[in-house]
Amino acid sequence: MQKNYLTWVEVNAGKLSGNIRTIRQLAGKRLVAAAVKANGYGHGLELMVDLLRKEKIEYLAVHSRDEAERARRQGWKKKILVVGYIQLSELEAVPELGLELTVYNIETVNRLGKLAEKTGKKAEIHLKVETGTNRQGVEPENIEMIVAAIRKFSQLHLKGVSTHFANIEDTTDHTYANYQLAEFNKIVTKINSLGLKPPLRHTACSAALLLFEDTKFEMVRPGIALYGLWPSKETYLSYRLAGGSNSILAPLLTWKTRVIQVKNVPADAFVGYGCSYRTTAPTKLAILPVGYYDGYDRSLSNLAYVLIKGKRAPVRGRICMNLMMVDITDIDGVKLEEEVVLLGENGQEKITADQMASWAGTVNYEILSRINGDIPRIIV
Ligand SMILES: Cc1ncc(COP(=O)(O)O)c(C=O)c1O
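Chains are numbered independently. Their residues run from 1 in the order of the written sequence. Local features in this predicted model are restricted to residues of pLDDT 70 or higher, and side-chain atom pairs are both shown and tallied only at a pLDDT of 80 or more, whereas totals for entire chains, interfaces and linings draw on every residue. To obtain the side-chain values, all non-hydrogen atoms of the structure were included, while hydrogens and water were left out.

Description of the sheet that holds strand E2 (residues 31-35)
In step 1: The strand order E2-E3-E4-E5-E6-E7-E8-E9 describes a closed barrel built from 8 strands, whose pairing is parallel.
In step 2: Strands were regarded as paired on the criterion that DSSP finds at least two bridges between them. Under the scheme used here, helices are H or I runs from DSSP no shorter than 4 residues and strands are E runs no shorter than 2 residues, and both carry numbers assigned from the N terminus. Where E2 lies against strand E3 (residues 59-62), 3 bridges are found, and the strand directions are parallel. Bridge assignment links Ala35 to a residue of E3, and that residue is Ala61.
In step 3: Sheet strands touched by helix H4 (residues 65-73): E3 and strand E4 (79-82). Its angle to E4, the strand with the most contacts, is close to 165°.
In step 4: Helix H6 (residues 106-119) contacts strand E5 (100-103), strand E6 (123-128) and strand E7 (156-162) of the sheet and is inclined by roughly 150° relative to E5. Should any heavy atoms of two residues lie within 4.5 Å, those residues are considered in contact. Helix axes are fitted to C-alpha atoms over the stretch in contact, other axes to C-alpha atoms as well, and angles between N-to-C directions run from 0 to 180 degrees.

In structure tokens, the structure reads:
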């Protein structure tokens, strides 16, 4: 029996399949590693595993040991690439869970190498190289040293070499991305000249996959596109300017809750903490059981709106920890436990993650990934 949730997230399976068709078209014959880190970009890791199992996806890309373990527990039998970090003391997880690990520290190579020799089980690693993001990655001057360390261990297999772009989604000027790509190619040539030929080169996040043929190599790692969103307006614009179609991606996620009280307040009444909103006329409010703890950002106070009966209900006063208030004066017939859309479509109206992100001064990635992981996720 379907549980009658108070607050929940719906994920549309059909739209995911459509986005995957788009990704597969863009990827051609290359392998696809679906980025499901950050709780499947807020869609729910377990739910995403259930859905992706049925799709033609070769790898999951997760951040941590914990996410990898959750994916395995949920029945993901195919490959898992860990793109974050696993502590030296936890590296046993690599053989135990059958993971492929992104490495960029000599300490990790040595510890995993010894472990692989001891167990006699091959460990597959992907070397992440620094090309100008200055996040994770082996600096060019240390490539020789790390390759020598990898070669010392017969049970370490350099399966991949990767990098991540710094400035591919936030701009229509792609000079820096091209620079990073050239750096990547130089480093790969160097690795080859040192005697290692990793079969998988991978650099492409969603923006790269959408815009740059040269970044795709043997594998791509899309995240946000999987969830039906564009990495940025600039990516969308660049894609359209290059002749791309408008409707290749569809958002999957709808975030819903229910009204927990309807009340009338007089004119000149304050609403919420800090008395930041004051009514100018008799007003009908709906109280909702969602606040910043749930991932509804406090910066949306007095700014955003939600959808009830297909109409916009403006947020009044400050977003609280677990509650918020919206104005339903002009929406007739709202009852206790009426369904409310916080994010997604309702009738002719919709609130997108992009819209919310622009209100909150952030990016759609953050809006989605911060929806509290305790909120139930259901497939529709
Ligand atoms: C290493 C790595 N690869 C791929 C992705 C996917 O990026 P996007 O969601 O922009 O496609 C991410 C996300 O941040 C990442 O960190």
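Looking at the pattern of salt bridges
In step 1: Any carboxyl oxygen of Asp or Glu within 4 Å of a side-chain nitrogen of Lys or Arg constitutes a salt bridge here. In the structure shown here, the tally under the stated rule is 20 salt bridges.
In step 2: In this structure, the salt-bridge partner of Arg312 is Glu349, at a minimum N-O distance of 3.1 Å. One end of the pair, Arg312, is in strand E16 (residues 311-316); the other, Glu349, is in strand E19 (residues 349-351), with 37 residues separating them in the sequence.
In step 3: In this structure Glu349 comes out as partly exposed when scored by relative accessible area, which is 22%.
In step 4: Among the charged side chains, a salt-bridge network with shared partners connects Glu10, Lys256 and Glu339. Residue burial is assigned from relative accessible area. The probe radius is 1.4 Å, only protein chains are included, and a residue is buried under 20% of its type maximum, exposed over 50%, and partly exposed in between.

Some thoughts on helix H10 (residues 233-241)
In step 1: For H10, the complete set of buried residues consists of Thr235, Ser238 and Tyr239. Along the axis of H10, the buried positions cluster into a sector of 100°, meaning they face one direction only. Along H10, the residues that are exposed and aim more than 90 degrees away from the buried face are Lys233 and Leu241.
In step 2: Where the residues of H10 are buried, they touch helix H9 (206-211).
In step 3: A distance of 3.3 Å separates the backbone nitrogen of Glu234 from a side-chain oxygen at the start of H10, and that oxygen is part of Ser232. Note that the arc is computed from the directions linking the helix axis to the C-beta atoms. Within 3.5 Å is the distance limit for a polar contact, defined as a pair of N or O atoms, with the added protein rule that one can donate a hydrogen and the other accept it, and that residues adjacent in sequence qualify only through two side-chain atoms.

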